[in-house]
Amino acid sequence: MTVILNQSFTGISIGAVLLLIALGLTLTFGQMGVINMAHGEFIMAGAYTTYVLQKSISSAGVSLLVALPVAFLVAGAMGALLEWLLIRRLYTRPLDTLLVTWGVSLMLQQLARDVFGAPNVQTAAPDVLTGNISLGGGVTFASSRLFILGLALLSVLALTLILKLTPLGRRIRAVVQNRDLAEVSGIATGRVDRVTFFIGSGLAGVAGVALTLVGPIGPTMGTNYIVDAFLVVVVGGIGQLKGSVITAFALGVLQSVLEYSTTVSVAKVIVLVAIVAFLQWRPQGLYTLRTRSLA
Amino acid sequence: MSGLSISRRGLLAGISAIGASATLSACGAKTGSDTSSGSAATADTSGDTVKVGLLNSLSGTMAISEVTVHNSLLLAIKEINAAGGVLGKKLKPISQDGASDWPTFAEKAEALITDDKVVATFGCWTSASRKAVKPVFERYKSLLFYPVQYEGLEQSPYIFYIGATTNQQIVPALDYLKKQGLTKLYLVGSDYVFPRTANKIIKAYAKANGMEVVGEDYAPLGSTEFGTIVNKVKDSGADAVFNTLNGDSNVAFFKEYKSSGLTAKSMPVLSVSIAEEEVKSIGTQYLEDQLTAWNYYETTPGAANTKFVAAYQAAYGKDKPTSDPMEAAYISVYLWKEMVEKAGSFDVAKVKAASDGIELDAPEGKVTVDGVTQHVYKTARIGKVGSDGLITEVWNSGKPIKPDPYLKGYSWASGLS
C-alpha cells in the first residue's frame, strides 16, 4: 500500500511537470498549429529568471514567489516577440515554423551559454520546500513536488477561466475554430495570436521556475522535456486542455509504475510503444475539437 | 484550419529529424581517415615552446566537474613555465571543448594531435569520452594523461591513468562499508560504461564477501527525474546506496533523496564521483554526512597539499575548493614533466620507457608511476561531507596501493574482464 501511494504520488508529480510544460504548448501548438521548438528555451528562460532573482534577493522563499510572475512576463515577452518577428509570417506554412523555431531554440541556447556560462547552475530551494509531508506508515509526499502540483493545477484553472469566461478567451476560441469567420466578425486575429503566444510562452516560463526545484538549470534543460510535452498534446487531442491534463497525469503515472517494475529505459520504451499503439487506434487523440471550419 | 490537420505529421517529421540527427552524431565519431592509420603523431618540438593539449568538457552536463580539472591543468602549466619549462621549452596550452559529447571528444583529440601537433594531451572525465578518444591516441601514437578514477579493466599503451583504478577506490570503499556492517547495497548509476562496469565489479565483490545487492538502477546521463528510483531505494530495505551517478544528475538525485526523508543516518550514500566542487554546487544541505571514496581531499594533510590549495585559490578565488580529479590533473602534468626530463626527450616511446618508477611528492601523498600498467600507486581514502562543504577523511589505506586494473589479485574478479 505504501508503495502504491508513494508511486502514485511520484507519477502524479511527474505528470504535474509535464502538464505545466504542455499547457503552453496546448495553446501555441494545439490551438494555433505552430510547432514551436523554442518552447523548451522559454522554460529555460523561466529557470534562469529564478536564478537571477535568487542572486539579487537573498531569501529563497521570497525570490521563488517573485520569480513566478516575473518568469511569466519574461518568457511571455520572448514568445510574443518571436511571434511578431517570425511566426506571424508563417501561419500558412506550419511545417516551416518547426525549422524556424528550432533555429531560434539553438540561438537561445547559445545566448544562455554566453550570458550565464556553460556549466549548469543551481538555485537553493526555500527550507519549507526541501522536506516532506509524512502521512505515517512510510508514506511521504515531497513538499517541492506538492508545490509543483499546486502550481500546475492553478495554471490549469487560470487558463480555463481565461478561455471560458473572458472576452479574450472568447476571441481566442473563435480564432481557433474559424479564423476567417472570426476575422470578418471584427476580431483582430493578429492581436489575438500575439496574446495567445504571450500566455502560452509565459506558462513555459512558470514551468521553468518549477523545474528549478527538481534539478539543475542549464542551456539545454528545455530539450529534456520538449518531446514529452509534444506527446502529451498530441495524445490528449490537439488543442484540448482537458485532454492534456488527463494525458499528462496518465503518462506520468504509467511511466513511474513501469519504472518501478522495470528500469528507466525499459519504461520509456514501453510508454512510447503504448503511445504509438494509442495513436493508431485514435489518431485524433483523446479529445477532438468540433469545429465548423471546413478543413 | 488546415494547419491543424498537417501539424501532427509535421511534428512527427520534426521529431524524427531531430532523432535522426542525434543518432547520426552519436555514431558519427570519426573512425579515422584511411590515410593516417598507423602513422605516428608528428609532435612539433622545434621551437622555444611546445604545445600541450587540454581536452575537457567546458560546456554541457559534465562541465560542472571538468572545468575545475581544466583550471588545475592550467595552474600546473603556469607553475612549470615559471620554473623554466620542460627541457628548456615553455609549455603552450591548447584548450579544446569536448562539450560533454563523446564524438566531439574524438574529433577534438584528432584536431589537437594533427592540427596543433601537441606533445601530449591532458583531460577527459567520463569513461565514455575516454573510450571515444582511445583509438585516436593509439592510431597517432600520442599520449593522453587521464585524471579521473575509472572502472578499470583497461590498459592502453598510449594512456597514463593518473586517477584511481577499481582496487584503489571501489574495492576499498566496499571493504569500508562491510566493516561498518552495511552489507545490503542499492546501486544507483548513470547509464553508461563506468557505472555499469563498476556495478558488475561490485556485484562480484558482494557475492564473494557476504554482501547483498538488493537493487540496481540506471538513469540516463543528464536525467533529472529520480522520484521512482528514490522510492525503489526507500522500499528496498538496503543499508546503504552505492552511487555512481555522474554530472549534475546528482543534483536532482540528492534533492529527491532528501525530500523523500532519507538521510545519511538512515541510509548513507557512498559516492565515487562527487568531490568538493560538486558538493558545493549540489548544495551542502543535501549532502551533509554522506560518504565519498577518493584518493585526495582538500583537507588531506601535508606541505605539498597546503601549497597546492594556496596556489589554486590564489589563481581562481578564495572560495574555490580543490578535489581529487583536480589534484590528479595537476600532478599529471608534473609526472609527464618528470618522465620527459628522465627520457631527455619529448619522444613518446622514450617518455613511456622512462615512466616506470617516476615518483612525486604529491598533494595526496607519495605517488609512483607503474610503468607496466601505466597507472599510479595511490592511497585510498574514505571521506565524510562536513557542514562547511569540505570532506574529511574517516579512513585511509595507510600506504599507496599498487594499481591492479584487471583485478588480477582478487579471486572473485576472475571472469570479469
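Residues numbered from 1 in each chain as written. Chains lettered and ligands numbered in written order. Predicted model: local features only at pLDDT ≥ 70, side-chain atom pairs only at ≥ 80, totals over all residues. Heavy atoms only, no water.

Going by what an unreviewed UniProt entry lists, chain B is known as Urea transport system substrate-binding protein and is assigned to Streptomyces canus.

Chain A carries the name Urea transport system permease protein in an unreviewed UniProt entry, which gives Streptomyces canus as its organism. For the record of chain A, the UniProt heading Subcellular location (unreviewed entry) holds the text "Cell membrane". Regarding chain A, the UniProt comment filed under Sequence similarities (unreviewed entry) reads as follows: "Belongs to the binding-protein-dependent transport system permease family. LivHM subfamily." (UniProt positions renumbered as here; feature names shortened; annotations may be inferred.)

Trainee: Before we go on, may I ask you to explain a positive patch on the surface in this structure?
Mentor: Residue and element names in this part refer to chain A. A grouping of Lys164, Arg170, Arg171, Arg173, Arg191 and Lys242 is seen on the molecular surface, where their side chains present a positively charged patch. Considering each element in turn, the positive patch owes the most residues, three residues, to helix α6 (residues 167-177). Of note, Arg173 is situated in helix α6. (Patch = residues over 30% accessible without salt bridge, like charges linked within 9 Å, V, L, I, M, F, W, Y side chains within 5 Å. Areas by Shrake-Rupley, 256 points an atom, 1.4 Å probe, with all protein chains shown as cover. Salt bridge = Lys/Arg side-chain N within 4 Å of Asp/Glu carboxyl O. Lys, Arg positive; Asp, Glu negative; His and termini not counted. Charge placed at Lys NZ, Arg CZ, Asp CG, Glu CD. Helix = DSSP H or I, 4+ residues; strand = E, 2+ residues; numbered from the N terminus.)

Trainee: Help me understand the packing of helix α1 (residues 2-31) of chain A against helix α5 (residues 143-165) of chain A in this model?
Mentor: Think of two packed helices as two axes; the pair is described by the angle between the axes and how far apart they sit. Residue and element names in this part refer to chain A. Where α1 contacts α5, the two axes come as close as 8 Å, and the packing angle between them is 30°. Classed by the angle they form, the pair α1 and α5 counts as roughly parallel. Like other packed secondary-structure pairs, α1 and α5 cross with a definite hand, here left-handed. In contact with Phe9, Ile12, Ser13, Ala16, Val17, Leu19, Leu20, Leu23, Leu27 and Gln31 of α1, α5 contributes Arg145, Leu146, Ile148, Leu149, Leu151, Ala152, Ser155, Val156, Leu159 and Leu163. Taken together, the residues of the contact of α1 with α5 break down into 16 nonpolar, three polar and one charged. (Axes fitted to C-alpha atoms, helices over the stretch in contact; angles between N-to-C directions. Parallel < 35°, antiparallel > 145°, perpendicular 65-115°, else oblique. Left-handed = near helix turned anticlockwise from the far one by under 90°. Contact = heavy atoms within 4.5 Å. Nonpolar A, V, L, I, M, F, W, Y, C, P; charged D, E, K, R; others polar.)

Trainee: Mind showing me how you'd approach the pattern of salt bridges here?
Mentor: Side-chain pairs of opposite charge can arise whenever the charged atoms involved come near each other. Under the criterion given, the structure shown has 18 salt bridges over all chains. For the salt bridge of A:Lys268 with A:Asp228, the shortest nitrogen-to-oxygen distance reads 3.2 Å. Of this pair, A:Lys268 sits in helix α11 (residues 264-281) while A:Asp228 sits in helix α9 (residues 223-236); the two residues are 40 residues apart in sequence, bridging distant segments of the chain. The salt bridge partner of B:Arg196 is B:Asp191, with a shortest N-O separation of 2.7 Å. A cluster of three or more residues bridged by salt bridges with shared partners is formed by B:Arg130, B:Lys131, B:Glu151 and B:Glu154.

Trainee: Explanation requested: the packing of aromatic side chains in the structure shown.
Mentor: The description of an aromatic ring pair rests on the distance of the ring centres and on the angle between the ring planes. Residues and elements named next belong to chain B. Scanning all chains against the criterion turns up 26 aromatic pairs over all chains. Geometrically, the ring pair formed by Phe122 and Trp336 is edge-to-face, given 5.9 Å between the ring centres and 85° between the ring planes. Here Phe122, found in strand β3 (residues 120-123), pairs with Trp336, found in helix α12 (residues 324-343); they are 214 residues apart in sequence, far enough to count as distant. Ring centres 5.0 Å apart and planes at 20° place the aromatic pair Tyr150 and Tyr161 in the stacked group. With Tyr150 in the loop between β4 (144-146) and β5 (159-161) and Tyr161 in strand β5, this pair connects stretches of sequence that are eleven residues apart. (Phe/Tyr/Trp six-rings, centres within 6.5 Å; stacked < 30°, edge-to-face > 60°.)

Trainee: When you look at the confidence of the model for chain B in this model, what are you seeing that I'm missing?
Mentor: Detail in the predicted coordinates should be disregarded across regions flagged by low pLDDT. Residues and elements named next belong to chain B. Per-residue pLDDT for chain B has a mean of 88; in total, 90% of the residues score no lower than 70. Predicted confidence is poor over residues 1-7, with pLDDT under 50, and the contacts of this stretch with residues over four places away or in other chains come to 16 contacts. Under a pLDDT of 50 for its full length, residues 18-38 has, in the predicted model, 17 contacts with residues more than four places off or in other chains. The ipTM, which scores confidence in the relative placement of chains, is 0.81 for this predicted complex, and the corresponding pTM is 0.81. (pLDDT = per-residue confidence, 0-100.)

Trainee: Which parts of the structure should I look at to understand the pairing of strand β6 (residues 184-190) of chain B?
Mentor: Within a regular strand, side chains alternate between the sheet's two faces. All names here are of chain B. Among the seven residues that make up β6, six are buried, leaving the element largely enclosed by the rest of the structure. Note: β6 against strand β7 (residues 212-219), seven bridges, orientation parallel. Residue pairing across strands places Leu185 opposite Val213, the latter belonging to β7. The parallel pair β6 and β7, bridged by helix α6 (residues 193-208), forms a crossover whose chirality is right-handed. (Buried < 20%, exposed > 50% of the residue type's maximum accessible area, 1.4 Å probe, protein only. Pairing = 2+ DSSP bridges. Right-handed = clockwise from strand over helix to strand, strands pointing away.)

Trainee: Quick question: what am I supposed to make of α1(A) here?
Mentor: Quick reminder: α-helices carry 3.6 residues per turn. Residues three or four places apart thus point the same way. The terminal C-alpha atoms of α1(A) lie 40 Å apart, and with 30 residues this matches the ideal 44 Å at 1.5 Å per residue to within 8%. Of all the bends in α1(A), the greatest, near 40°, is centred on A:Leu25. (Expected span 1.5 Å × (residues − 1). Bend = angle between axes of the 7 residues up to and from the residue.)

Trainee: Explanation requested: the UniProt feature "transmembrane region" (unreviewed entry) in chain A in the structure shown.
Mentor: Residue and element names in this part refer to chain A. In this structure's numbering, the residues bearing the UniProt feature "transmembrane region" (unreviewed entry) are residues 12-37, 57-82, 146-163, 195-217, 229-253 and 260-281. Strand forms 0% of residues 57-82 and helix 88%; the C-alpha atoms that close the span are 29 Å apart. Structurally, residues 195-217 is divided into 74% helix and 0% strand, and its ends, taken at the C-alpha atoms, are 27 Å apart.

Trainee: Looking at this model, I keep getting lost on helix α7 (residues 227-235) of chain B. Mind explaining?
Mentor: Residues and elements named next belong to chain B. In terms of burial, α7 is largely enclosed, as seven of its nine residues are buried. Residues of α7 that are buried include every one of Gly227, Thr228, Ile229, Val230, Asn231, Lys232 and Val233, and no others. Just downstream of α7, Gly237 is the residue with a positive phi angle, here 75°.

Trainee: Looking at this structure, I do not really get the packing of α1(A) against helix α10 (residues 241-261) of chain A. What am I missing?
Mentor: Residue and element names in this part refer to chain A. Closest axis-to-axis distance for the α1/α10 pair is 7 Å, and the angle between their directions is 140°. In this view, α1 runs oblique relative to α10, as classed from their interaxial angle. At the point where α1 passes α10, the crossing takes the right-handed sense.

Trainee: It is not clear to me how the interface of chain B and chain A should be interpreted in this structure. Could you clarify?
Mentor: The extent of an interface is frequently quoted as the accessible surface area lost upon association of the parts. Tallying the contact residues gives 47 residues for chain B and 55 residues for chain A. A combined buried area of about 4000 Å² lies between chain B and chain A, and 57% of that area is made up of carbon and sulfur atoms. At the boundary of chain B with chain A, the tally comes to two salt bridges. For B:Glu225, the salt bridge goes to A:Arg145, with nearest N and O atoms at 3.0 Å. Where chain B meets chain A, there are 15 residue pairs in polar contact (both at pLDDT 80 or more). Those elements that provide at least two residues to the side of chain B that touches chain A are α1 (2-27), α2 (63-82), β7, α7, α8 (249-259), α9 (276-282) and α10 (284-287) of chain B. Tallied by class, residues from the side of chain B that touches chain A come to 17 nonpolar, 19 polar and eleven charged. (Buried area = accessible area lost by both parts, 1.4 Å probe. Polar contact = N/O pair within 3.5 Å; in protein donor to acceptor, adjacent residues only side chain to side chain.)

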